[in-house]
Each structure stands twice: as C-alpha cells, then as structure tokens.
Amino acid sequence: MRIHLTSVFVDDQEKALRFYTGALGFVKKHDVPIGEARWLTVVSPEAPEGTELLLEPDGHPAVKPYKEALVHDGIPAASFAVDDVTSEFGRLSELGVTFVQEPLTMGPVTTAVLDDTCGNLIQIVHSA
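None of the values given here were measured: they were computed from a predicted structure.

Criteria and cut-off values
- Residues numbered from 1 in each chain as written.
- Predicted model: local features only at pLDDT ≥ 70, side-chain atom pairs only at ≥ 80, totals over all residues.
- Heavy atoms only, no water.
- Helix = DSSP H or I, 4+ residues; strand = E, 2+ residues; numbered from the N terminus.
- Rg over C-alpha atoms; globule rule 2.2 N^0.38 Å.
- Buried < 20%, exposed > 50% of the residue type's maximum accessible area, 1.4 Å probe, protein only.
- Contact = heavy atoms within 4.5 Å.
- Pairing = 2+ DSSP bridges.
- Axes fitted to C-alpha atoms, helices over the stretch in contact; angles between N-to-C directions.
- Phe/Tyr/Trp six-rings, centres within 6.5 Å; stacked < 30°, edge-to-face > 60°.
- Core = buried A, V, L, I, M, F, W, Y, C linked by side-chain atoms within 4.5 Å.

Before going further, it helps to examine the overall build of the chain. Counting secondary structure elements, the chain contains three helices and eight strands. Going residue by residue from the N terminus, the α and β elements of the chain occur as β-α-β-β-β-α-β-α-β-β-β. Since a compact globule built from 128 residues should have a radius of gyration of about 14 Å, the 15 Å found for the chain is in line with a globular shape. Considered along the principal axes of its C-alpha atoms, the chain spans approximately 45 × 35 × 35 Å. Relative to its full complement of 128 residues, the chain shows a buried share of 34%. Pairs at least 24 apart in sequence give 52% of the contacts found in the chain among residues at least 6 apart.

Below, the structure written as structure tokens:
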C-alpha cells in the first residue's frame, strides 16, 4: 500500500495553482472541470508519477472553521520535504512568500512554516 493522493483545502483553486506551481515548484498533473470546481492536482517535478496533491475547494461548511482553527493554533495542513530548509526559506522569501515560522532546527530536523495564500499553513522540512 502507498499514498496515491492527498489534499489541501483551498479558498481559490486558480490562486492555489499559481502559488503551488509558481512559488513552490510543483507541476500541474490533472485539471478536469467538475461543475463549478475542478479536479486539480499537482505533483513534484522530481516524481511526476508519485503522490498527487489535490487542490480541493473549501466550500463544505465544516472546512472553513477547521482551516481557521488550524491556522489559529499554528498547525500546518501539510508538510513537504526539501533538501535544505534554509535555502528554500531564502528562495521563497525572495518570491514574497510569507513565513509564520523561520527555519528552526530541532535535533536532526529543520522546519519552517509558510502561508500558502489560500488559507493554510504549510510546513517545509528536512531530516538529516
């Protein structure tokens, strides 16, 4: 068994696509209209057949309070692995990405947490 698909709830699919591809560097895999929304997934360019991230509309009434509670408590909705958190922090900061936690090393793990512009906190992480 392996993870095929996971999702992050977004308040605007087009804005999310621009952020996740333009800033984070993912590539669009699927973009299928489904009523007013889209089945919109991105993947890592390093693993185009790997795990897909669904940029899922946050229209369900339970989603917005859930997202707001996570952000309020500083809990990331997702975590993405990077080779070097400090370098990625610098690159993303230059692109105007807002971080709510600068790089922090805790033993063998370094993390930073950013705002994805779509209502979520996203953690980037590297384990030594």
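Turning our eyes to something else, we now look at the sheet that holds strand β1 (residues 5-10). Read from one edge to the other, the open sheet built from four strands follows the order β1-β4-β3-β2, with strand pairing classed as mixed. Each edge of the open sheet carries a strand with a single partner, namely β1 and β2 (27-34). Each strand axis lies, on average, 25° off the axis of its neighbour in the sheet, ignoring direction. Note: β2 against strand β3 (residues 37-43), seven bridges, orientation antiparallel. The partner of V32 across the bridge, within β3, is W39.

Before going further, it helps to examine the sheet that holds strand β8 (residues 121-127). Strand order in the open sheet formed by four strands is β5-β8-β7-β6, and the pairing between neighbours is mixed. The strands lining the two open edges of the sheet, one partner per strand, are β5 (78-81) and β6 (99-106). Each strand of the sheet is rotated relative to its neighbour by a mean of 20°, with strand direction disregarded. For β5 and β8, the ladder comprises four bridges, and the chain directions are parallel. Residue pairing across strands places F80 opposite I124, the latter belonging to β8. Each of β6, β7 (109-115) and β8 touches helix α3 (residues 85-94); the most contacted strand, β6, lies at about 165° to it.

What the rule picks out here adds up to five aromatic pairs. Through successive ring pairs, a cluster of aromatic residues spans F19, Y20, F26 and F80.

All right, on to the nonpolar core then. Core analysis: the biggest nonpolar cluster contains 26 residues, and Y20, L24, L55, F80, F99 and L114 have the highest contact counts within it. Among the elements of the structure, β1, α1 (13-23), β3, β4 (52-57), β5, α3, β7 and β8 are those that each provide at least two residues to this core. Ranked by residue count, the leading element in this core is α1, at five residues. Excluding its chain neighbours within four sequence positions, the residues that come into contact with L24 are F19, F80, R91, L92 and L114.

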